[in-house]
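Commentary on secondary and tertiary structure
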Amino acid sequence: MTIPYVSVHGGHSGGYCGHAKDQLTDIVARYAEAGFEWVCLTEHMPSPSEAMMAPEEAENGFTVDSWRKNFSDYMAEARRLKSKYAGRMDILVGFETDAYSGYQDAVASLIEEYEPDMIVGSVHHVHDLYIDFDDDRYREATLLSGSIEQLYCDYFDKQLELIERFEPAVVGHFDLIRLLDEDYHVRWEVPEIMERALRNLDRIRELGLILDLNMRAMKKGASEPYISAPFMEYAIANNIAMVPGDDAHGVNDVGGGFEEGLAVLTARGGSTQWRKPEIGRHRLGL
Ligand SMILES: [Zn+2]
Ligand SMILES: [Zn+2]
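Our subject in this report is the structure included herewith.

**Focus: the sheet that holds strand 4 (residues 118-121)**
If you trace the seven strands from one edge of the open sheet to the other, you get 1-2-3-4-7-8-9, paired in parallel fashion. Only two strands of the sheet have a single partner each, and these edge strands are strand 1 (6-7) and strand 9 (242-245). Relative to strand 7 (residues 170-171), strand 4 is paired through two bridges, and the arrangement is parallel. Its bridge partner being in strand 7, V120 is matched across the sheet by V170.

Have a look at this one:
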């Protein structure tokens, strides 16, 4: 039996964010050529303030207004592509959240204005500092938390807040906090961290949300996708849906890490009956 290609998280493109490559139309064409059954296009949300602007976006001359305009163009283009590929490949049009100061109002107003099919709920910041960008920011965030263990706890607490507020159909790269930490395996032995992560997984199960089985980690050379072994095992044992996301940031990322990540999942006995995100699953309104 062939396992269908799908993606719950991807389609970041150079046209609409400062750290991706290629045009959305070419990326979507690649998904179709590669035989994807369905894909979610989930561009990053625009920053609501200059202070929260990502370094690459700031360097590329993005302003709060220009990024907001970009996002509006993105939604229109993604919907055009959804119609164009209808009947051949199903496209869900959404976006990926952040969780910096002010995100709750910003995400709520984007949902209200654009009525996305779905959203990916992702945390890329702790104390308003990127935890997936560079070592300096990671260290600074660690100092603000007081310890690396507390940084992990703060990350998972922020993630729970996001889950409770928006009930995103897909929870993005569940344990991204491990990215810049070589010793992340050791963190999974810390009870305070583990309790929080499992608490979040329980909530994800109760709400019927989907975990982004994020393959981008494999493409970048990690030995396992997000989510890491202990959480993947917990998700399998508790019937929490995990569905591949390539988190593509360009044409050449499409389907990246899929086979490798799939091998990890199936070796552990995970299901490949991919669940598709429910349209409009997220909470609405301000
Ligand atoms: Zn990105
Ligand atoms: Zn992300």
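**A word on the packing of helix 8 (residues 191-207) against helix 10 (residues 229-237)**
For the pair helix 8 and helix 10, interaxial distance at closest approach is 11 Å and the crossing angle is 35°. Here the hand of the crossing between helix 8 and helix 10 comes out right-handed. Counted together, A197, L198 and L201 of helix 8 and F231, Y234 and A235 of helix 10 form the full contact between these two elements. Partitioning the contact of helix 8 with helix 10 into residue classes produces six nonpolar, no polar and no charged.

**Focus: helix 5 (residues 135-145)**
The periodicity of an α-helix, 3.6 residues per turn, causes residues three or four places apart in sequence to face the same way. Turning to helix 5, its buried residues are Y138, A141 and T142. Buried residues in helix 5, looked at end-on, bunch into an arc of 105°, giving them a common side. In the core, the buried residues of helix 5 are packed alongside strand 5 (125-126), strand 6 (129-130) and helix 6 (148-166). Phi turns positive one or two residues past the end of helix 5, at G146, with a value near 105°.

**So, the packing of helix 1 (residues 24-33) against helix 3 (residues 64-84)**
Where helix 1 meets helix 3, the closest approach of the two axes is 10 Å, and the angle between their N-to-C directions is 30°. Here helix 1 lies roughly parallel to helix 3, going by the angle between them. Both helix 1 and helix 3 take part in a crossing whose hand is right-handed. Residues L24, T25 and V28 of helix 1 pack against E77, A78 and L81 of helix 3. Here the contact of helix 1 with helix 3 is built from residues that sort into four nonpolar, one polar and one charged.

**So, helix 11 (residues 258-267)**
Taken together, the buried positions of helix 11 are F258, G261 and L265. The buried residues of helix 11 occupy an angular sector of 75° when projected down its axis, which confines them to one face. Along helix 11, the residues that are exposed and aim more than 90 degrees away from the buried face are E259, A263, T266 and A267. Residues of helix 11 that are buried in the fold lie against strand 8 (210-214), helix 9 (216-219) and strand 9. The first or second residue beyond helix 11 is G269, which carries a positive phi of 85°.

Definitions and limits used
Residues numbered from 1 in each chain as written. Chains lettered and ligands numbered in written order. Predicted model: local features only at pLDDT ≥ 70, side-chain atom pairs only at ≥ 80, totals over all residues. Pairing = 2+ DSSP bridges. Helix = DSSP H or I, 4+ residues; strand = E, 2+ residues; numbered from the N terminus. Axes fitted to C-alpha atoms, helices over the stretch in contact; angles between N-to-C directions. Left-handed = near helix turned anticlockwise from the far one by under 90°. Contact = placed C-beta atoms within 7 Å. Nonpolar A, V, L, I, M, F, W, Y, C, P; charged D, E, K, R; others polar. Buried ≥ 20, exposed ≤ 12 C-beta atoms within 10 Å, placed from the backbone. Arc of directions from axis to C-beta. Parallel < 35°, antiparallel > 145°, perpendicular 65-115°, else oblique.

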